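Below, each chain spelled out in residue letters.
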Amino acid sequence: MSLEPWYGDDPEWYGPFDGDAFGTLGRHLSVQSTSRMLAYGDAAAARMDCGRAVPLGRLPSGYVEDPARVYRHDGIDVQGRTERVAVTVVFRPTRWYPGELRLFDGRNFPSVYAGWMDEAPHRFADGSLCLYFPRDPVQRRWTAQNGLPMLLSLAADHLFFEDVYRDTGEWIAPQAEHGFPAERRRAA
Amino acid sequence: MTLLDIPTRTSTVEHALNEARSRIEVTPEELDEARRRRDALAAALKRELGGRTYVNGSIAHGDALNPLTDVDLGIVTPDPDGLYGPGLRGPGALQERAADAIRRDLKDEYPKLRVEHLNRRRSILVRFGDPVTPRQADFTADVITAIDNRTGAGLYIPNYSTWDRSHPERHTEMVKSANDASRSTFARGTRLMKHWNRKHDRPICSWNIKALALSCITGPVSMTDYISSWLNHAIEQLSLGETPDPAGVAGPIKINEKFTMSQVIAEFNEAKAIFDRALMLEDEEFPILALNELAKFFADEEMMPRPDQSAVRAAEAARFKVKTFSAPAHVASTPSTTALADRINTRSWSC
């Protein structure tokens, strides 16, 4: 059971979104609804003989369903590559970023997976692409209103930037500093 | 416009399209051989059934592609007693006589000849067992046994055991007329779009490509203008529904049953976005990027090879930096490196 109404089941949300996406991307696009079970509970730790506390993560006291709406494109063109690259876009109810206290609205912060790059300067730990800074104004980040084709366009650009970075060591697109300002202050 | 005024473009894109077109053309020798076989079939059919023959399809329309694998022919059988037609006798007996005549008259020259007419929707299939284009498996002919429509325009052609209305003779007249009016640029551009169609799982049939072109290619055009005009018109027309029969006799032309109409339109919209981007990049004086878009458009390395990809990356990187960093930092969109959509002016990030 999800704690909040899940927009991924709401035709008023996915109807127009899918209409635009499938109208533009046609047979190259597919969509699937999935879910996973997440445990929640209290943080726990064990005190060792030496006196050191070893964190044990969270002791699960319950489970919550974490649904997802997953779009797959069979291959986008990336400038300077001969093979197309498959892309997977995962929408979940919310998105959390390490170092940030609040949760972001999952509609505007999906995870985007495309290809792989070792030591990539702008990917998350799970390999998904860091396409935009979540706290940038709405004009400078993707939102669901921009539609899936525009998100895939950002992904294609991002893969191209990675290829150029691999060739030259230069990231040619605008960049935001890594992390969040508060986190950076704490680190300082 | 005088007869010498075929619109030409001296651009990179136009030059590349004409070069690519020459790579998919059928040789005169292959065409001669295909016509010779078609004439042999026509003679056999007329000896058996009388009447008149008509030609149809890519060889008759001047838009055949390499490899050349088939030819189309029809015979209009006299029916003085009015025995055949809707509600009367079906086409089976005529097809059997035609098939027997073909076997009888052509078997000596083509010992591996096979003729199939049972359980087929429209045509008798003739397999020569002898290819016209080297390294192809075979060469075939589709033979239609038609009768005149006594009460309306056009012919009746087989639909299994019944008949459908059609006007293939008028179709060929219309295409030949368009070829004449366009000084053969209709056929040349049609070849390019047919090749595109072949490399994208054939969302529509060849006849649909020509039927759409009949409405939008009415005079001499460059290959660039043919493709631009055709894609714009196809998207507009198919958004309204299936393409009507240009002769106004048969029903609308069906799309490939493996596609929905919105998928067909999406294919053409994607093609248009890539082609438009090629023209934009040419205007921006990035010819190597324009050629790369053309290679993406046709998706066929033999017909339109991709330029060196490291040079493409370098050119696109130079273009992107100039366009992005010469714009104010707060602008909402900047040039994309793809034809998918405009680019939001985001900042790459990581936590």
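Residues numbered from 1 in each chain as written. Chains lettered and ligands numbered in written order. Predicted model: local features only at pLDDT ≥ 70, side-chain atom pairs only at ≥ 80, totals over all residues. Heavy atoms only, no water.

Observations concerning the state of the cysteines
Tallying each qualifying case throughout the model produces zero disulfides over all chains. In this model Cys216 of chain B remains outside any disulfide bridge; the closest cysteine sulfur is found in Cys205 of chain B, 15 Å from its own. (Disulfide = S-S within 2.5 Å.)

Regarding helix H7 (residues 206–216) of chain B
Where burial is concerned, most of H7 of chain B is hidden: eight out of the eleven residues are buried. When we look at burial in H7 of chain B, the residues that qualify are Trp207, Asn208, Ile209, Lys210, Ala211, Leu212, Ala213 and Leu214 of chain B. (Buried < 20%, exposed > 50% of the residue type's maximum accessible area, 1.4 Å probe, protein only. Helix = DSSP H or I, 4+ residues; strand = E, 2+ residues; numbered from the N terminus.)

Details of the nonpolar core
If you look at the biggest cluster of nonpolar residues, it comprises 52 residues, and the most contacted ones within it are Leu17, Ile227, Trp230 and Phe297 of chain B. Counting residues per element, the ones that place at least two in this core are helix H1 (12–23), helix H5 (168–181), helix H6 (185–198), H7, helix H8 (223–240), helix H9 (261–283), helix H10 (287–298) and helix H11 (309–325) of chain B. If you tally residues by element for this core, the top one is H9 of chain B, at nine residues. Within the second largest apolar cluster, 48 residues are counted, among which are Ala21, Phe133 and Ala156 of chain A together with Ala341 of chain B. (Core = buried A, V, L, I, M, F, W, Y, C linked by side-chain atoms within 4.5 Å.)

Side note on the interface of chain B and chain A
On the chain A side, the residues contacting the 40 residues of chain B number 55 residues. Surface buried jointly by chain B and chain A totals about 4100 Å² across both partners, of which 55% is contributed by carbon and sulfur atoms. If you look at where chain B meets chain A, you find seven salt bridges. Counting every contact that joins chain B to chain A gives 31 residue pairs in polar contact (both at pLDDT 80 or more). Among the elements of the structure, H9, H10, H11 and strand E9 (343–344) of chain B are those that each provide at least two residues to the side of chain B that touches chain A. For the side of chain B that touches chain A, the element with the highest residue contribution is H11 of chain B, accounting for nine residues. (Contact = heavy atoms within 4.5 Å. Buried area = accessible area lost by both parts, 1.4 Å probe. Salt bridge = Lys/Arg side-chain N within 4 Å of Asp/Glu carboxyl O. Polar contact = N/O pair within 3.5 Å; in protein donor to acceptor, adjacent residues only side chain to side chain.)

Regarding unusual backbone geometry
In this chain, Asn66 of chain B is followed by Pro67 of chain B through a cis amide linkage whose omega measures 0°. The topology assignment puts Pro67 of chain B in the loop between helix H3 (57–61) and strand E2 (70–76). Backbone geometry at Glu119 of chain A places phi at a positive 55°, although glycine is not the residue there. Looking at the element boundaries, Glu119 of chain A is found in the loop between strand E6 (111–114) and helix H2 (148–168). For Glu119 of chain A, a relative accessible area of 76% puts it in the exposed group. Backbone geometry at Arg135 of chain B places phi at a positive 70°, although glycine is not the residue there. Looking at the element boundaries, Arg135 of chain B is found in the loop between strand E4 (124–127) and strand E5 (140–148). The exposed category is assigned to Arg135 of chain B, whose relative accessible area is 81%.

Structural notes on the environment of Val55 of chain B
Residue and element names in this part refer to chain B. Tracing the backbone shows Val55 in strand E1 (residues 52–56). In this structure Val55 comes out as partly exposed when scored by relative accessible area, which is 24%. Not counting residues up to four positions away in its chain, the partners in contact with Val55 are Arg38, Ala60, Asp72, Leu73 and Thr172.

Some thoughts on the packing of aromatic side chains
All names here are of chain A. Counted according to the given criterion, the structure contains 31 aromatic pairs over all chains. With a centroid separation of 6.5 Å and 80° between ring planes, the pair formed by Phe17 and Trp142 is classed as edge-to-face. Here Phe17 is found in helix H1 (residues 11–25), whereas its partner Trp142 is found in the loop between E6 and H2, with 125 residues between them in sequence. The residues Phe17 and Trp142 share a single accessibility class, namely buried. Their ring planes at 55° and their centres at 6.4 Å tell us that Tyr97 and Phe180 sit as a pair that is tilted. Of this pair, Tyr97 sits in the loop between strand E4 (94–95) and strand E5 (104–105) while Phe180 sits in the loop between H2 and helix H3 (181–187), placing them 83 residues apart in sequence. Given the relative accessible area of 3%, Tyr97 is considered buried. (Phe/Tyr/Trp six-rings, centres within 6.5 Å; stacked < 30°, edge-to-face > 60°.)

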